[in-house]
Amino acid sequence: MGLSYRPVDWNRQKRIYDLTLLLVLVLSLSVFTGVSLWFSPNTTAETLIIRGCSISGFLLLHVILCIGPLARLDSRWLPLLYNRRHLGVTMFGLAGIHGVFSTIQFHALGNENPLVSLWTAYQRDYRIHAGGGWNLAQFPFEPFGVVALLILGVLAVTSHDFWLRNLGAAFWKTLHLGGYAAYGLLVVHVGLGALQDERSPVYVVLLGLGFCTVTGVHLAAAWKEARMDRLEVAARNDGFVDAGSTSAIPEGRARVVVISGQRIAVWRHHDRFHATSNVCRHQGGPVGEGCIVDGCITCPWHGWNYRPEDGCSPPPFNERLATYAVRVFDGHVWVATSPPPHGEFVAHPKEGLPVS
Ligand code: HEM
Ligand code: FES
């Protein structure tokens, strides 16, 4: 939510996050190198780099894709989500090293320009119809990796909030769904490439397990959210709906309800009640799963702040969550059903009323 461009807004949490990432990477690459040399002492440094970077990058992509749904299923995963973009950029770095070294190793020794050879080598060197039938071991798997790398490059470059602000949250989010396209291409790249030479079924099982994990956590999170949306509270005639007992909302926290198809977070702050949209203006995070810190609602994903009274970010920022009128009656909080008149950005001027 910065006003000017800064490459990274460092804070203590980000430093710890990145340091942990670095340690895990160094550890996994060292273990990979040790195990590879133990079983095949003649493995060259180039092969170690190509394989070490590809496997750790591909694993990291699984983690990146799973963090979002995992955080929706269980808030204990939230710390991982906080700086997910650094995971993405690191993953692109690893994939880039793998791509460059593979291109040099497998395409730079002929007469053809390596960048052309990546696409054309298969037409001359391999035949898809080897012996008249389909032979997957001869399939041109590298172009899938090249396209995936290009997509991941676009995502890494546009991961900064600068691009989020300039492209708009909706377009940026759609663009970043490209991560799933890249993942699909990489499953083909690995399945029809490296796995064709492997005799052990362990690798096929691992690839399948990764795919099932990514799809499984997404389906589970979608199911949980659909179930929550079905619990839509019934509207009352006077335009307010009962959002539950006041005692069900702890101080500084919110209860999320669905009213007229909108997810609304109903907050308790110093024994006053406020209702805001549950959708963070940054990347659509569930603000209602956050808490109020120093008088401001703090989004659990990356810490953007909003005042509970009017949904506005404190100065100098100018983001704003939609707010809804609130009444407290008979120990229950009632929230206005009508959405703000001019869409999400318009705050309702009324404050919550004191508990009756
Ligand atoms: C310019 C783009 C790319 C090229 C030319 C390329 C090339 C290759 C080649 C030649 C192999 C077989 C290596 C071997 O058998 O020793 C391979 C395997 C593999 N690639 Fe890629 N790749 C590219 C992009 C990617 C990307 C973006 C990823 C994502 C992390 C990726 C992940 C993998 C994995 C996991 C394997 C199997 C493990 C291995 O053998 O290294 N590749 N790639
Ligand atoms: S989604 Fe990033 S701070 Fe809310």
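What counts, and at which threshold
Residues numbered from 1 in each chain as written. Chains lettered and ligands numbered in written order. Predicted model: local features only at pLDDT ≥ 70, side-chain atom pairs only at ≥ 80, totals over all residues. Core = buried A, V, L, I, M, F, W, Y, C linked by C-beta atoms within 7 Å. Buried ≥ 20, exposed ≤ 12 C-beta atoms within 10 Å, placed from the backbone. Helix = DSSP H or I, 4+ residues; strand = E, 2+ residues; numbered from the N terminus. Domains from an automatic or database assignment. Expected span 1.5 Å × (residues − 1). Contact = placed C-beta atoms within 7 Å. Pairing = 2+ DSSP bridges. Near = placed C-beta within 6 Å. Nonpolar A, V, L, I, M, F, W, Y, C, P; charged D, E, K, R; others polar. pLDDT = per-residue confidence, 0-100.

**Quick look at the nonpolar core**
Then, number 1: By size, the foremost hydrophobic cluster in this structure holds 33 residues, and its most contacted members are Ile-264, Val-266, Val-326 and Val-335.
Then, number 2: Of all the elements in the fold, those that place two or more residues in this core are helix 2 (45–73), strand 1 (240–245), strand 2 (254–259), strand 3 (262–269), strand 4 (272–277) and strand 10 (332–336).
Then, number 3: Looking at which domains feed residues into this core, each of domain 1 (12–228) and domain 2 (240–336) supplies at least three.
Then, number 4: In terms of nonpolar packing, the next biggest core, distinct from the first, is built from 25 residues, Leu-94, Phe-141, Ala-148 and Leu-152 among them.

**A look at helix 4 (residues 84–107)**
Note that an α-helix has 3.6 residues per turn; residues three or four places apart therefore point the same way.
Then, number 1: For helix 4, spanning 24 residues, the distance from its first C-alpha to its last is 34 Å, which sits close to the expected 34 Å at 1.5 Å a residue.
Then, number 2: Packing partners of the buried residues in helix 4 comprise helix 1 (12–39), helix 2 and helix 6 (142–157).

**Some remarks on the sheet that holds strand 5 (residues 291–293)**
Then, number 1: Spatially, 5-6-7 is the arrangement adopted by the three strands of the open sheet, whose pairing is antiparallel. Each edge of the sheet is formed by a strand with only one pairing partner; in this case those strands are strand 5 and strand 7 (305–306).
Then, number 2: Pairing analysis gives three bridges linking strand 5 to strand 6 (residues 296–298), with the strands arranged antiparallel. The residue of strand 6 that forms the bridge with Val-293 is Cys-296.

**What to know about the environment of Leu-149**
Then, number 1: If you trace the backbone, Leu-149 turns up in helix 6.
Then, number 2: For Leu-149, a count of 20 C-beta atoms within 10 Å corresponds to the buried category.
Then, number 3: Through-space distance from the C-alpha of Leu-149 to that of Ala-182 is 7.5 Å; in sequence the pair is 33 residues apart.
Then, number 4: When neighbours within four sequence positions are excluded, Leu-149 is seen to be in contact with Ala-95, Gly-96 and Gly-99.

**Describing the site of ligand 1**
Then, number 1: The environment of ligand 1 is made up of 25 residues, and the closest members are Ser-54, Gly-57, Gly-99, Ser-102 and Gly-145.
Then, number 2: Contributing elements (two or more residues each) for the shell around ligand 1: helix 2, helix 4, helix 6 and helix 9 (178–191).
Then, number 3: Looking at the shell around ligand 1, the element that brings in the most residues is helix 2, giving seven residues.
Then, number 4: For the shell around ligand 1, the class distribution of residues is 13 nonpolar, ten polar and two charged.

**Digging into the confidence of the model for the chain**
Then, number 1: For the chain, per-residue confidence averages 84 on the pLDDT scale, and 86% of positions sit at 70 or higher.
Then, number 2: Scored below 50 in pLDDT, residues 342–356 shows 35 contacts in the model against residues more than four places distant or in partner chains.

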